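# A look at the structure
Now for the letters of each chain:
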Amino acid sequence: MSNELNYGEIYAPIYEEYTTVQGMVAEVDETVAFLERYCGGGSALELGIGDGRLAAPLSERGVKVEGIDNSPRMLALLAKRTDLIKAWQGDIARFKSEQRYSMVYCVYCTFTLLVTREAQIECLRSAAEALDDEGVLVIELDVPGLNPLVGGQKTTTSRLVDHENTILNVTVHDPLNQNLVSSLLWFSGTSVRRLPQRTRYVYHQELDTMAECVGLELVERWGDWSQGAFTERSERHISVYRRSSL
Ligand SMILES: C[S@@+](CC[C@H](N)C(=O)[O-])C[C@H]1O[C@@H](n2cnc3c(N)ncnc32)[C@H](O)[C@@H]1O
């Protein structure tokens with residue numbers, strides 16, 4: 001099963017506005033400072049590079065950034081934003097790279113847009129092969145919040161709601177495939193936008209096991225981009241892996 005919903009093609013027309021409302025633009029500086037520390041002025045490959053929200057400022061700090069995305073619309077936004085970055089259309093579940101990178105990174109839950117276990121493992125395998133000897137893989141994921149989904153579906157308000165914007169997330173749980181099938185309903189002024197999405201949630205320990213299967217080992221795990229501790233209250237994690245055969 002591949003993801004029948006192309007996230008980038010759906011979200012590209014509203015991506016900048018959407019990520020601003022969701023607080024993802026506000027945390028760019030902190031995220032880029034974190035990533036810069038891990039690639040030490042070397043080279044980086046972003047999996048699901050999107051419109052360059054992070055890749056553009058990272059490249060402006062002197063890191064040679066490249067990227068992959070399967071959405072022509074997202075790649076067009078990236079090209080409009082910067083000409084510093086080489087990016088190509090491809091599937092992050094199965095890519096081959098001649099180049100070796102100091103850091104491969106996959107953030108903002110992009111990894112969960114790969115909706116099968118096999119696709120997620122293949123992505124980790126391709127990423128491991130693209131690392132240079134000292135290279136690290138950085139993955140940012142939400143901690144699955146499944147308790148309210150025991151009844152099969154839930155409706156929540158999204159992370160950030162202000163007077164102008166209300167985002168409701170209506171989610172149906174497919175437990176056999178660890179999939180969440182969601183519709184985001186974004187009320188803004190007089191308009192309502194419907195944004196469908198399918199993801200495969202992963203717990204941090206499952207991610208570690210999949211990473212081990214492809215020769216990666218966990219070196220660090222943080223609860224946020226400012227390197228706060230990952231605890232039982234954390235809503236997301238940033239996990240850093242390197243090749244275990246070294
Ligand atoms: C949540 S957005 C994140 C974009 C960017 N990394 C950021 O942090 O703003 C996910 C991105 O991954 C891309 N994407 C989703 N599935 C993909 C796949 N299988 N192969 C390549 N790109 C994919 C989407 O087109 C989109 O640009």
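First, a word on scope: everything that follows refers to the structure included in this document.

Rules and cut-offs
Residues numbered from 1 in each chain as written. Predicted model: local features only at pLDDT ≥ 70, side-chain atom pairs only at ≥ 80, totals over all residues. Heavy atoms only, no water. Salt bridge = Lys/Arg side-chain N within 4 Å of Asp/Glu carboxyl O. Buried < 20%, exposed > 50% of the residue type's maximum accessible area, 1.4 Å probe, protein only. Helix = DSSP H or I, 4+ residues; strand = E, 2+ residues; numbered from the N terminus. Arc of directions from axis to C-beta. Contact = heavy atoms within 4.5 Å. Near = heavy atom within 4 Å. Polar contact = N/O pair within 3.5 Å; in protein donor to acceptor, adjacent residues only side chain to side chain. Areas by Shrake-Rupley, 256 points an atom, 1.4 Å probe, with all protein chains shown as cover.

With that settled, consider the pattern of salt bridges. Summed over the entire model, instances satisfying the criterion amount to 15 salt bridges. As a salt-bridge pair, Glu118 and Arg117 come within 3.9 Å of each other at their nearest N and O atoms. Residue Arg117 is classed as partly exposed on the basis of its relative accessible area of 45%. For Glu206, the salt bridge goes to Arg200, with nearest N and O atoms at 3.0 Å.

Quick reminder: α-helices carry 3.6 residues per turn. Residues three or four places apart thus point the same way. For helix H7 (residues 204-213), every residue scored as buried is listed here: Leu207, Asp208, Met210 and Ala211. One face of H7 carries all of its buried residues, which in axial projection span an arc of 165 degrees. Looking at H7, the residues exposed on the side facing more than 90 degrees away from the buried face are Gln205, Glu212 and Cys213. On its buried face, H7 is in contact with helix H6 (117-129), strand E5 (131-142), strand E9 (191-200), strand E10 (216-222) and strand E11 (236-243). Downstream of H7 by a residue or two, Gly215 has a phi angle that is positive, lying close to 85 degrees.

Here we take up the environment of Leu5. Secondary-structure assignment places Leu5 in the segment before helix H1 (7-11). The spatial distance from the C-alpha of Leu5 to the C-alpha of Asn165 is 24 Å, given a sequence separation of 160 residues. Look past the residues within four positions of Leu5 in its chain and what remains in contact with it is Ile10, Pro196, Gln197 and Arg198.

Okay, the site of the ligand next. Taken together, 21 residues sit near the ligand, with Tyr15, Glu46, Gly48, Arg53 and Asp69 positioned nearest. The contact in question runs from an oxygen atom of the ligand to an N or O atom on the side chain of Arg53, over 2.8 Å. In this structure, an oxygen atom belonging to the ligand sits 2.6 Å away from a side-chain N or O atom of Asp69. Calculation on the ligand without its partners gives an accessible area of 590 Å², and the protein chains cover 96% of this total.

Note on placement: Arg221 falls in strand E10. The class of Arg221 is buried, set by a relative accessible area of 16%. Within polar-contact distance, the side chain of Arg221 engages the side chain of Asp208 at 2.6 Å. Here Ser239 takes part through its side chain, which lies 2.8 Å from a polar atom of the side chain of Arg221. Once residues within four sequence positions are removed from consideration, Arg221 is found in contact with His204, Asp208, Phe230, His237, Ile238, Ser239 and Tyr241.

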